[in-house]
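# Fold and geometry: a report
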Number of protein chains: 2
Amino acid sequence: MTYTVHKLAELAGVSKRTLRYYDQIGLLHPAEINASGYRIYTEKEVDLLQQILFFRELDVDLDTIKSIIYSADFDRKKALEEHRDRLLDKQEHIRMLLENVEKSIQAMERKVEMTDNEKFIGFKEEKIAENEANYGEEIREAYGKEAVEVANQKFRGLNEEQYRKMEAVEQRLFEKLKRAMQGGDPTSPGAMQTAELHREWLSFNWSAYSKEAHAGLAEMYVHDERFTAYYDNKIGEGAAQFLRDSIRHYTMQ
Amino acid sequence: MTYTVHKLAELAGVSKRTLRYYDQIGLLHPAEINASGYRIYTEKEVDLLQQILFFRELDVDLDTIKSIIYSADFDRKKALEEHRDRLLDKQEHIRMLLENVEKSIQAMERKVEMTDNEKFIGFKEEKIAENEANYGEEIREAYGKEAVEVANQKFRGLNEEQYRKMEAVEQRLFEKLKRAMQGGDPTSPGAMQTAELHREWLSFNWSAYSKEAHAGLAEMYVHDERFTAYYDNKIGEGAAQFLRDSIRHYTMQ
DNA sequence: TCTAAACGATGACGCTGCGTCAACCGCAAG
DNA sequence: CTTGCGGTTGACGCAGCGTCATCGTTTAGA
């Protein structure tokens, strides 16, 4: 089955302008231009547009989407599976906002006390999770390594030199983490240096640093199995936990 | 407790630029400007910012947010309750996307068949629900009648004359619906005229019409109790159901 | 006390992803 | 042929900031 702009826009719930814009920027070309000059889309473009809409739903910018879906090692099934995971994250985020709003209502009824910090739960955590999910190595593993190399760099808004620097910092972080783990004490000077390196690594992505956010992110490392697996696979069993403990201590000083 | 820009940005997980921009557009003024020219925010602004972030999470534009929160009859508790309902809607929307992605995965494994239409479930429904939720009378009831009058008009991008026209069409719709209901037959010519009027009413908000979308919206009228209550309260018990049945018949022709 | 770093300010430019509009061609039905 | 709906390209504008430059203020440590 083939579609013109109007029919595809209707099918997918997007505007005709959107489809023309996507053609213009090379994100979604029609299968052909017919004799009248009309854009004609096929099944292949339908599947591509579905992918685009999932990425869009997950707040990925169009340039990045383009890099991902047109790379040689793009795997549609794998991408769908990753979309699923991300949507589950998003669902969790909304659950947190629902908790927040419930508690805010109760606070207004004088049933509970609420700190200023608690009033923003779900908004702040989103930012931390989003930054890490977007900027960390995990997205590379998820969507395909080489596919996302350039996309990730763009994510970060880093130039070549800065990117190299960040990779170097991460490398030293891994080494230092491995060595500090052998000592077994997450409050040792070596562990503190590890946490400091982690902070330095974050500085490439975060415009503002806070100990609270740092500690919050570290908690995620042990609660989200993808993050745990990332570090444990790189360094060894228990690396994410050790890093979390080090950062917790570091941020309490 | 008071906050400078940095501290409030950190607390809330927004950028300093955002806070300055919100001050500039009159959305969130600081409590005072101190002797150094620094913005100083208090508890009151914290609560306002929380509201703003909830509205932002629900994709309400800043101009509209401003109209709502600064109206004389703005009720914080009631707004929080409405945010809760909207967040539940959003959660439902994500659940639908999760169903979609699961089915897409299974279709790739050849376990099920999937139509092109099914591939966009969750994307299209979102648009319908969003349009209706934003453009219908319900938001007025929810957040405060007079508060949203101008905001709603802006939502629609309608000028004064078009707005009056739309209200007139809705009025005729109610009358026609009431009369058709008395006949009891949702396939009668009167019922078809009702559905046609409903379609005309939609034309003020929808840039493109499809029978499918029309039917989908009508289904929502009986599945979402707020929509059901809206019509039943206006016309009488069973109005939403009757309207749904009429539209279903109308869109099958 | 001095200094450096971090805080704050304003002004201005630019970006992303379209929405809207104008002008014009193609298609189908009456 | 006419009308209404479909399509096209080109171009301007918008919302909501991100980024940068320049300069004043505050804070903590030597």
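In case you missed it, the structure is sitting above this.
So, a few notes on the structure that sits alongside this text. From a predicted model like this one, the values you see are computed outputs, not experimental measurements. (Residues numbered from 1 in each chain as written. Chains lettered and ligands numbered in written order. Predicted model: local features only at pLDDT ≥ 70, side-chain atom pairs only at ≥ 80, totals over all residues. Heavy atoms only, no water.)

A word on the environment of B:Glu113. When you line up the elements, B:Glu113 lands in the loop between α5 (76-108) and α6 (124-135). Residue contacts for B:Glu113: discarding those within four places in its chain leaves B:Lys103 and B:Glu118. (Helix = DSSP H or I, 4+ residues; strand = E, 2+ residues; numbered from the N terminus. Contact = heavy atoms within 4.5 Å.)

On to the protein's contact with DNA strand D. The environment of DNA strand D is made up of 19 residues, and the closest members are A:His6, A:Arg20, B:Ser15, B:Tyr22 and B:Ser36. Of all DNA strand D atoms lying within 4 Å of any protein atom, the proportion belonging to sugar or phosphate reaches 71%. At a separation of 2.2 Å, a phosphate oxygen of DNA strand D approaches a polar side-chain atom of A:Arg20. In this structure, a phosphate oxygen belonging to DNA strand D sits 2.3 Å away from a side-chain N or O atom of B:Ser36. A total of four residues in the surface near DNA strand D trace back to one element, the largest contributor, which is helix α2 (residues 16-24) of chain B. Residues that form the surface near DNA strand D fall into these classes: six nonpolar, six polar and seven charged. (Near = heavy atom within 4 Å. Polar contact = N/O pair within 3.5 Å; in protein donor to acceptor, adjacent residues only side chain to side chain. Nonpolar A, V, L, I, M, F, W, Y, C, P; charged D, E, K, R; others polar.)

Okay, the nonpolar core next. If you look at soluble globular proteins, the nonpolar side chains tend to sit buried side by side. Core analysis: the biggest nonpolar cluster contains 70 residues, and A:Leu19, A:Leu49, B:Leu19 and B:Leu49 have the highest contact counts within it. Not counting residues within four places of it along the chain, the set of residues in contact with A:Leu19 comprises A:Val5, A:Leu8, A:Ala9, A:Val14, A:Leu28, A:Tyr41 and A:Leu49. (Core = buried A, V, L, I, M, F, W, Y, C linked by side-chain atoms within 4.5 Å. Buried < 20%, exposed > 50% of the residue type's maximum accessible area, 1.4 Å probe, protein only.)

With respect to the helices and strands, the residue B:Lys119 is situated in the loop between α5 and α6. On the basis of relative accessible area, B:Lys119 is assigned to the buried category, the value being 7%. A polar atom in the side chain of B:Lys119 sits 2.7 Å from the side chain of A:Asp47. Among residues more than four places away in sequence, those in contact with B:Lys119 are A:Glu43, A:Val46, A:Asp47, A:Gln50, B:Asn100 and B:Met114.

Once that is clear, we can look at the relation of the copies chain A and chain B. Least-squares fitting of chain A to chain B yields an RMSD of 0.2 Å, with the superposition described by an axial translation of 0.0 Å and a rotation of 180 degrees. In the structure described here, the two chain copies are related by an operation that fits a two-fold rotation axis. Ranked by how close their C-alpha atoms come to the rotation axis, the residues of chain A are headed by A:Gln91, at 3.0 Å. The fraction of interface residues of chain A whose copies in chain B are also interface residues reaches 100%, indicating that both copies meet through the same surface. (Least-squares fit on C-alpha atoms with pLDDT ≥ 70 in both.)

Right, let's talk about the packing of aromatic side chains for a bit. All names here are of chain A. Under the criterion given, the structure shown has five aromatic pairs over all chains. Judged by centre distance (6.4 Å) and plane angle (50 degrees), the rings of tyrosine 21 and tyrosine 22 are tilted. For tyrosine 21, a relative accessible area of 35% puts it in the partly exposed group. Exposure remark for tyrosine 22: the relative accessible area of 3% places this residue in the buried category. (Phe/Tyr/Trp six-rings, centres within 6.5 Å; stacked < 30°, edge-to-face > 60°.)

Everything listed here is a matter of geometry and, on its own, says nothing about what the molecule does.
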